[in-house]
Amino acid sequence: MSSNNVHTAIVTGASKGLGAGIAKALAETGAAVVVNYRGDVEGAERVVADIVAKGGRATAVQGDVASGDDVRRLFDRAREVYGPVDVLVNNAAVATFAPLSGITEDEFHREMTTNLLGTILTTQALASQDDINAASIINVSTAGTVTHPPYTSLYVASKSAVNAFTIVAAKELGPRGIRVNAIMPGPSDTEGSRAMGYVGSELEAQGIAATPLGRTGTPDDYGPLVAFLASDDARWITGDVILASGGMR
């Protein structure tokens, strides 16, 4: 993101994990960042405080991306504070890993609504602004859409849909100068993966063994990639789904 361009970025699900790392990376490039969260206000405020302490601009805004009303309020607030939104990172997601027999109707609707509908609603909100002539949308998918690990069928299905949506949206929005890309992170060391018991487990050891770069990812691995895709340096990249997994595939 060129320092001579002012950007307003919304990062959804940015109170912790990859979203927090991405928000901080965008702020370091000079963007004004809206740190979106659904329920973790303390985490979101910590991310804002970290950004402000380093001289950046950030504000936390609550909102559920699965709610059209919340998404409109999120964009209205961002515009009120910083102006038109020209960078959107769709990071908010939910997941429950379970065998096929354990998938319920409620869990299907929960994951598809947040992971896919949420991405659609925020993309619509950005595109509905009539005072932008260039913008970048980056959707956070998963390397699971390539590796297809067991017990992730619902989550991977939702993110595979996000990948397809990314490519189609890029074709529709390209004539307006709106670029749409996605990244596919591999297994990462985050608050969520630690709470699930992944970090330090045999499953993590297997993941590291399958990763040519020989470690688990961290939020710091993804922020620079997203910042690049948001920048004018990536002006000729759209409709791409980029694997960022340390070589795991």
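Counting of residues starts from 1 at the beginning of each chain's written sequence and follows it residue by residue. It should be noted that, the model being predicted, local features are given only for residues of pLDDT at least 70 and side-chain atom pairs only at 80 or more, the latter also being counted only at that level, while totals for whole chains, interfaces and linings use all residues. In computing side-chain properties, one takes all heavy atoms of the structure into account and sets aside hydrogens as well as water.

Caption draft 1: Just the overall build of the protein, in detail. Only DSSP runs of H or I covering at least 4 residues are called helices, and only runs of E covering at least 2 are called strands; the numbering of each starts at the N terminus. Summing up its helical and strand segments, the protein has 9 helices and 7 strands in all. The C-alpha radius of gyration of the protein comes to 17 Å, within 12% of the 18 Å expected for a compact globule of 249 residues. Its C-alpha atoms give the protein principal-axis dimensions of roughly 50 × 35 × 35 Å. Long-range pairs, those at least 24 residues apart, make up 74% of the contacts in the protein between residues at least 6 apart in sequence. With the model as given, the accessible surface of the protein reaches about 11500 Å², and the carbon-plus-sulfur share is 54%. Working convention for charge: Lys and Arg count positive, Asp and Glu count negative, and His plus the chain ends are omitted. Lysine's charge is taken at NZ, arginine's at CZ, aspartate's at CG and glutamate's at CD. The average position of the 19 basic charges and that of the 27 acidic charges among the side chains of the protein differ by 3 Å. A radius of gyration in this sense is built from C-alpha atoms; the matching globule rule multiplies 2.2 Å by the number of residues raised to 0.38. Any two residues whose heavy atoms approach within 4.5 Å are treated as being in contact. Per-residue and other accessible areas were derived by the Shrake-Rupley procedure at a 1.4 Å probe size, with only the shown protein chains allowed to occlude residues.

Caption draft 2: Focus on the packing of helix H4 (residues 105–127) against helix H6 (residues 153–173). Between the N-to-C directions of two axes lies an angle of 0 to 180 degrees, each axis being a line fitted to C-alpha atoms and, for a helix, fitted only over the stretch in contact. H6 packs onto H4 with a crossing angle of 15° between their chain directions and a minimal axis gap of 9 Å. On the basis of their axis angle, the class for H4 and H6 is roughly parallel. Handedness of the crossing formed by H4 with H6: right-handed. Contacts from Glu107, Phe108, Glu111, Met112, Asn115, Leu116, Thr119, Ile120, Thr123 and Ala127 of H4 reach H6 at Leu154, Tyr155, Ala157, Ser158, Ala161, Val162, Phe165 and Leu173. Residue composition of the contact of H4 with H6, grouped by class: 12 nonpolar, 4 polar and 2 charged. The labels follow the angle: roughly parallel below 35 degrees, roughly antiparallel above 145, roughly perpendicular from 65 to 115, and oblique for the rest. For any pair of crossing helices, the crossing counts as left-handed if the nearer helix is rotated counterclockwise from the farther one by less than a right angle, and right-handed if it is rotated clockwise. Gly is placed with the polar residues, together with every amino acid not listed as nonpolar (Ala, Val, Leu, Ile, Met, Phe, Trp, Tyr, Cys and Pro) or charged (Asp, Glu, Lys and Arg).

Caption draft 3: The arrangement of the nonpolar core in detail. Formed by 30 residues in total, the largest nonpolar core has its most connected members in Val11, Ala23, Leu26, Val33, Val35 and Val89. No other element matches helix H1 (residues 17–28), which puts 6 residues into this core. We call a set of buried Ala, Val, Leu, Ile, Met, Phe, Trp, Tyr and Cys residues a nonpolar core when their side-chain atoms join them within 4.5 Å. Per-residue accessibility, obtained with a 1.4 Å probe over protein chains only, is compared with the maximum for each type, and a residue is labelled buried under 20%, exposed over 50%, and partly exposed between these values. Formed by 22 residues, the second largest nonpolar core is a distinct cluster that contains Ile10, Phe75, Leu121 and Val180.

Caption draft 4: Quick look at the packing of H1 against helix H9 (residues 219–230). H9 packs onto H1 with a crossing angle of 50° between their chain directions and a minimal axis gap of 8 Å. In this view, H1 runs oblique relative to H9, as classed from their interaxial angle. Of the two possible hands of crossing, H1 and H9 adopt the one that is right-handed. Here H1 contributes Gly17, Leu18, Gly21, Ile22, Ala25 and Leu26 to the contact with H9, which in turn contributes Pro219, Tyr222, Gly223, Pro224, Val226, Ala227 and Ala230. Of the residues contributing to the contact of H1 with H9, the split by class is 10 nonpolar, 3 polar and no charged.

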